[in-house]
Amino acid sequence: MSHQMIYLGHPEDALGLLEVAAPKATLPATRALIASQNGRVHAALGNERDAEQHLGAADELVADGPGNDVPEWVAYFDAAEHAGDHAVSARDLTGIGRPRRASDHFTDALALRRPGFDRVKVMDRVGLAAAPFTENEPEQGAVAAHQALDEAAHIDSTLVASRRNTLLNAARPYRTAAVGEVRTRAADLAAARPTTVAA
């Protein structure tokens, strides 16, 4: 439910759900998931210190491993998923003037993804393309964006479309020809598969 609130743009509601879940989380895997999500939500809310505290706690829990008897519903959460949370947190903090290198974490997430997570890999790829724009490297972002948009065109997913919106927002301040091509391609995809959500 907290995931849904994040993607719907309601971080306060996501945080409230995580506060309900946290006392019930006794397994290392669920504690790591909740800590990572808390970090992501606090970053979205601009709470830099809380975001770093929760993400740091998740770093330690992920490094220690998920433990035994991991429930199926949380088995998807691993080091790659945590790196993705780190990446989005870095992006959101950068967006409010507290610069972080989201590209490093998106690169880690892509390297760590297990086979079978094609949609999430494309989301990571689009996030990795958006990151250089917020890191003042628009030409690098334009090159990465074409590869990301090639992959995104083959995935029919609202979440991929939402990440594409984030790419469009990140590229908006730049007016070079290369970035213009990216904006045109992304806008064409947006027209074919519209969504109002950015993630």
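For the structure, check the block above.
For the structure given in this document, a descriptive report is provided here. Remember, it's a predicted structure, so these values are computed and weren't measured experimentally.

Examining the overall build of the protein
Working step 1: Looking only at helices and strands, the protein has ten helices and zero strands in total.
Working step 2: Listed by position from the N terminus, the elements making up the protein come as α-α-α-α-α-α-α-α-α-α.
Working step 3: Taken over C-alpha atoms, the radius of gyration comes to 17 Å for the protein, in line with the 16 Å a tight globule of 199 residues would show.
Working step 4: Seen along its three principal axes, the alpha-carbon backbone of the protein occupies a region of about 50 × 35 × 25 Å.
Working step 5: Residues classed as buried in the protein amount to 48% of the 199 residues present.

Observations regarding the nonpolar core
Working step 1: Among the nonpolar cores identified, the biggest contains 23 residues, and Val-126, Phe-133, Leu-149, Leu-167 and Val-179 are the most heavily contacted of them.
Working step 2: With near-sequence residues (within four places) excluded, Leu-167 lies in contact with Val-126, Ala-129, Ala-130, Phe-133, Ala-145 and Leu-149.

Things to note about the pattern of salt bridges
Working step 1: Following the criterion strictly, the structure yields 13 salt bridges and no others.
Working step 2: Residue Glu-48 pairs with Arg-98 through a salt bridge whose shortest N-O separation is 3.8 Å. On the criterion of sequence distance, the pair formed by Glu-48 in helix α4 (residues 48–64) and Arg-98 in the loop between α5 (79–95) and α6 (102–112) is long-range, its members being 50 residues apart.
Working step 3: Take Glu-48: its relative accessible area is 26%, and that puts it in the partly exposed class.
Working step 4: Note on Arg-98: relative accessible area 32%, which makes it partly exposed.
Working step 5: With a closest N to O distance of 3.9 Å, Glu-137 and Arg-101 form a salt bridge. One end of the pair, Glu-137, is in the loop between α7 (118–134) and α8 (138–152); the other, Arg-101, is in the loop between α5 and α6, and 36 residues separate them in sequence.
Working step 6: Looking at Arg-101, the relative accessible area reads 40%, which means it is partly exposed.

Points about the packing of aromatic side chains
Working step 1: Applying the stated criterion across every chain, the model contains two aromatic pairs.
Working step 2: Note on Tyr-76 and Phe-77: the rings are 6.5 Å apart at their centroids and 85° apart in plane angle, and the pair reads as edge-to-face.
Working step 3: Owing to a relative accessible area of 24%, Tyr-76 belongs among the partly exposed residues under this scheme.
Working step 4: On the accessibility criterion, Phe-77 (9% relative accessible area) is buried.
Working step 5: Judged by centre distance (5.9 Å) and plane angle (40°), the ring pair of Phe-133 and Tyr-174 falls under tilted. One end of the pair, Phe-133, is in helix α7; the other, Tyr-174, is in the loop between α9 (158–171) and α10 (177–192), with 41 residues separating them in the sequence. The burial state of Phe-133 is the same as that of Tyr-174; both residues are buried.

Brief notes about the packing of α6 against α7
Working step 1: Running from N to C, α6 and α7 cross one another at 160°; their axes reach a closest spacing of 9 Å. The orientation of α6 with respect to α7, classified from their angle, is roughly antiparallel. Taken as a pair, α6 and α7 cross one another with a handedness that is left-handed. The segment α6 lies against α7, with Ala-102, Ser-103, Phe-106, Thr-107, Ala-109 and Leu-110 engaging Lys-121, Asp-124, Arg-125, Gly-127, Leu-128 and Ala-131.

Topic: the side chain of Arg-183
Working step 1: Relative to the assigned elements, Arg-183 resides in helix α10.
Working step 2: One buried charged residue, Arg-183, remains without a salt bridge, the closest side chain of opposite sign being Glu-139 at 9.8 Å.

So, α4
Working step 1: The end-to-end C-alpha distance of α4, which contains 17 residues, comes to 24 Å, matching closely the 24 Å that a straight helix rising 1.5 Å per residue would cover.
Working step 2: For α4, the set of buried residues is Ala-51, Leu-55, Ala-58 and Leu-61. Here the buried residues of α4 occupy an arc of 120° about the axis, which is enough to place them on one side. Turned more than 90 degrees off the buried face of α4, the exposed positions are Arg-49, Gln-53, Glu-60, Ala-63 and Asp-64.
Working step 3: Buried positions along α4 lie against α3 (28–44) and α5.
Working step 4: Phi for Gly-65, located one or two positions after α4, is positive at around 95°.

Cut-offs and rules
- Residues numbered from 1 in each chain as written.
- Predicted model: local features only at pLDDT ≥ 70, side-chain atom pairs only at ≥ 80, totals over all residues.
- Heavy atoms only, no water.
- Helix = DSSP H or I, 4+ residues; strand = E, 2+ residues; numbered from the N terminus.
- Rg over C-alpha atoms; globule rule 2.2 N^0.38 Å.
- Buried < 20%, exposed > 50% of the residue type's maximum accessible area, 1.4 Å probe, protein only.
- Core = buried A, V, L, I, M, F, W, Y, C linked by side-chain atoms within 4.5 Å.
- Contact = heavy atoms within 4.5 Å.
- Salt bridge = Lys/Arg side-chain N within 4 Å of Asp/Glu carboxyl O.
- Phe/Tyr/Trp six-rings, centres within 6.5 Å; stacked < 30°, edge-to-face > 60°.
- Axes fitted to C-alpha atoms, helices over the stretch in contact; angles between N-to-C directions.
- Parallel < 35°, antiparallel > 145°, perpendicular 65-115°, else oblique.
- Left-handed = near helix turned anticlockwise from the far one by under 90°.
- Lys, Arg positive; Asp, Glu negative; His and termini not counted.
- Expected span 1.5 Å × (residues − 1).
- Arc of directions from axis to C-beta.

Function cannot be read off these values alone, since they describe shape.
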